[in-house]
Amino acid sequence: MAELNLILLGPPGAGKGTQATNLTADFGLPHIATGDILRAAVAGETDLGKEAKRFMDAGDLVPDSVITGVILERVAEDDARDGFVLDGFPRTVDQADSLGKELEARERRLTGVLLIDTPDDVVIKRISGRRVSRKTGRIYHVDFDPPTHEGRCDVDGSELIQRDDDREETVRKRLVVYHEQTEPLIAYYEDLGLLRRIDGTRSPSEVHAHIRATIATLRLEDEL
Ligand code: AMP
């Protein structure tokens, strides 16, 4: 079977993380989430984390020079040999160029880029109610997916917190950054014939079903 090399594209709060987790379960592919890698680096106070923190707190992108090398190395690791799900990378045209060159140098190519299309007002409502367990990583929503006991993770009772960058003013900034710097990737991957659009306003299970159907089609096209 050919490699399954996927990118999930879309604004913050589109559901990329949720769907990447589904795809990991479906296909056994590693979920490479730049945001998670950066947050772990910040928590571990590594050099990467120290460099990245102030950009993240402000809702800005971490400079390409800081993040690109980390992700390209990750994609080249053994567990990503049969494919990967990239979530949160690339976020700029330069990052997309770097990824394209790296894959080409290894005689690999992208299978598809799935755009989870979600308007700003939906995203703001979702993110401002998002809560996460720092311990288990499980994500909740105060209205749409509340935990059984308020403020506590269903898995182990650990405390649920709001990510620093999930506060409304930071979310608005992240959306501006998305429209300015990441949205050009839609045309970029459309030109390469790789873009597939998914309606991100649907329920998580409907989005999942649409993504699976899209991947099945991509695989068929890949075999032709
Ligand atoms: P996320 O969890 O994907 O929304 O990422 C959280 C934050 O990490 C972003 O707001 C950025 O500050 C930073 N970040 C994540 N991925 C990238 C990337 N590909 N390039 C630059 N900064 C990134």
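Up top is the structure these notes are about.
From a predicted model like this one, the values you see are computed outputs, not experimental measurements.

Next up on the list: the environment of Phe27. The residue Phe27 is located in helix 1 (residues 16-27) in this model. Distance in space between the C-alpha atoms of Phe27 and Phe84 is 9.4 Å, their sequence separation being 57 residues. Beyond its immediate sequence surroundings of up to four residues, Phe27 is in contact with Leu4, Ile215 and Arg219.

Aromatic ring pairs are described here by two measures, namely the spacing of the ring centres and the angle between the planes. As enumerated under the stated definition, the model contains one aromatic pair in all. Arranged with centres 4.9 Å apart and planes meeting at 80°, the rings of Tyr188 and Tyr189 form a pair that is edge-to-face. When the ring centre of Tyr140 is taken as reference, the NZ or CZ atom of Arg138 above it lies at 4.3 Å.

Strand order in this open sheet of three strands is 6-5-7, and the pairing throughout is antiparallel. Of all the strands in the sheet, the pair left with one neighbour each is strand 6 (139-141) and strand 7 (160-161). Contacts from helix 6 (residues 120-128) reach strand 5 (130-133) and strand 6, with the element oriented near 40° to strand 5.

On to the site of the ligand. Surrounding the ligand, one finds 16 residues, the nearest of these being Asp60, Gly88, Arg91, Gln95 and Arg174. At a separation of 3.0 Å, a nitrogen atom of the ligand approaches a polar backbone atom of Val62. Backbone polar atom of Gly88 to a nitrogen atom of the ligand: 2.8 Å apart, as the coordinates give it. Taken by itself the ligand offers 480 Å² of open surface, and the protein chains cover 95% of this. Sort the elements by how many residues they give to the shell around the ligand and helix 2 (residues 34-43) lands first, with four residues. Of the residues contributing to the shell around the ligand, the split by class is six nonpolar, four polar and six charged.

For the bond from Phe89 to Pro90, the omega torsion is -5°, close enough to zero to count as cis. Looking at the element boundaries, Pro90 is found in the loop between strand 3 (83-87) and helix 5 (93-105). Of note, the phi angle at Glu45 is positive, near 50°, even though the residue is not glycine. With respect to the helices and strands, the residue Glu45 is situated in the loop between helix 2 and helix 3 (47-57). The residue Glu107 is not glycine, and still its phi comes out positive at about 55°. Within the secondary structure layout, Glu107 lies in the loop between helix 5 and strand 4 (112-117).

Conventions used here
- Residues numbered from 1 in each chain as written.
- Predicted model: local features only at pLDDT ≥ 70, side-chain atom pairs only at ≥ 80, totals over all residues.
- Heavy atoms only, no water.
- Helix = DSSP H or I, 4+ residues; strand = E, 2+ residues; numbered from the N terminus.
- Contact = heavy atoms within 4.5 Å.
- Phe/Tyr/Trp six-rings, centres within 6.5 Å; stacked < 30°, edge-to-face > 60°.
- Lys NZ or Arg CZ within 6 Å of the ring centre and 35° of its normal.
- Pairing = 2+ DSSP bridges.
- Axes fitted to C-alpha atoms, helices over the stretch in contact; angles between N-to-C directions.
- Near = heavy atom within 4 Å.
- Polar contact = N/O pair within 3.5 Å; in protein donor to acceptor, adjacent residues only side chain to side chain.
- Areas by Shrake-Rupley, 256 points an atom, 1.4 Å probe, with all protein chains shown as cover.
- Nonpolar A, V, L, I, M, F, W, Y, C, P; charged D, E, K, R; others polar.

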